[in-house]
Amino acid sequence: MKLYSINGQKVKGLSTNPFDLEKDIQNLVENNLEELFKLEFVKSEFSIKKFRIDTLAYNTETQSFVIIEYK
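Model, not experiment: these values are computed from the prediction. (Residues numbered from 1 in each chain as written. Predicted model: local features only at pLDDT ≥ 70, side-chain atom pairs only at ≥ 80, totals over all residues. Heavy atoms only, no water.)

A. Spatial organisation of the environment of M1. One can find M1 in the segment before β1 (4-7). Overall, M1 belongs to the exposed group, its relative accessible area being 90%. Put simply, M1 and T62 are 61 residues apart on the chain and 32 Å apart in space, counted from C-alpha to C-alpha. (Helix = DSSP H or I, 4+ residues; strand = E, 2+ residues; numbered from the N terminus. Buried < 20%, exposed > 50% of the residue type's maximum accessible area, 1.4 Å probe, protein only.)

Set out below in structure tokens:
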């Protein structure tokens, strides 16, 4: 999907940097959870029995946990 920057009535296409690995996206998001989503980082690669959660975060506003899966 092409991304654009809007300046008044003009749009300009933005360059993109593709990710080679899912882990690269995960690291970027985990290191910027507060800025991107206003979430607090809890744990990476969290396991509950046979299930694995990529990123577990916490939303202090709603006092709830947030599960983030990367694809």
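B. Spotlight on the sheet that holds strand β3 (residues 40-48). Strand order in the open sheet formed by three strands is β3-β4-β5, and the pairing between neighbours is antiparallel. The sheet is open, and its two borders are formed by β3 and β5 (64-68), each paired with just one other strand. Neighbouring strand axes in the sheet, compared pairwise and without regard to direction, differ in orientation by 35° on average. Where strand β4 (residues 51-59) lies against β5, five bridges are found, and the strand directions are antiparallel. Bridged to T55 within β5 is I68. (Pairing = 2+ DSSP bridges. Axes fitted to C-alpha atoms, helices over the stretch in contact; angles between N-to-C directions.)

C. Region of the structure containing the pairing of β1. Examined bridge by bridge, β1 and strand β2 (residues 10-13) share four bridges and lie antiparallel to one another. Counted as the bridge partner of S5 is K12 from β2.

D. Looking closely at the pairing of β4. In the sheet, β3 pairs with β4 via seven bridges, with the strands oriented antiparallel. Among the inter-strand pairings, F46 is bridged to a residue of β4, identified as I53. If you look at the hairpin formed by β3 and β4, you'll find two residues sitting between the two strands, and K49 has a positive phi there, around 50°.

E. Quick look at unusual backbone geometry. Here E45, not a glycine, exhibits a phi torsion of approximately 55°, which is positive. In this structure, E45 sits in strand β3. Residue classification places E45 among the partly exposed positions, given a relative accessible area of 31%.

F. Broad picture of a nonpolar patch on the surface. Together, M1, L3 and L14 make up a nonpolar patch on the protein surface, roughly 360 Å² of accessible area in all. For L14, the position within the fold is in the loop between β2 and α1 (22-30). (Patch = residues over 30% accessible without salt bridge, like charges linked within 9 Å, V, L, I, M, F, W, Y side chains within 5 Å. Areas by Shrake-Rupley, 256 points an atom, 1.4 Å probe, with all protein chains shown as cover. Salt bridge = Lys/Arg side-chain N within 4 Å of Asp/Glu carboxyl O.)

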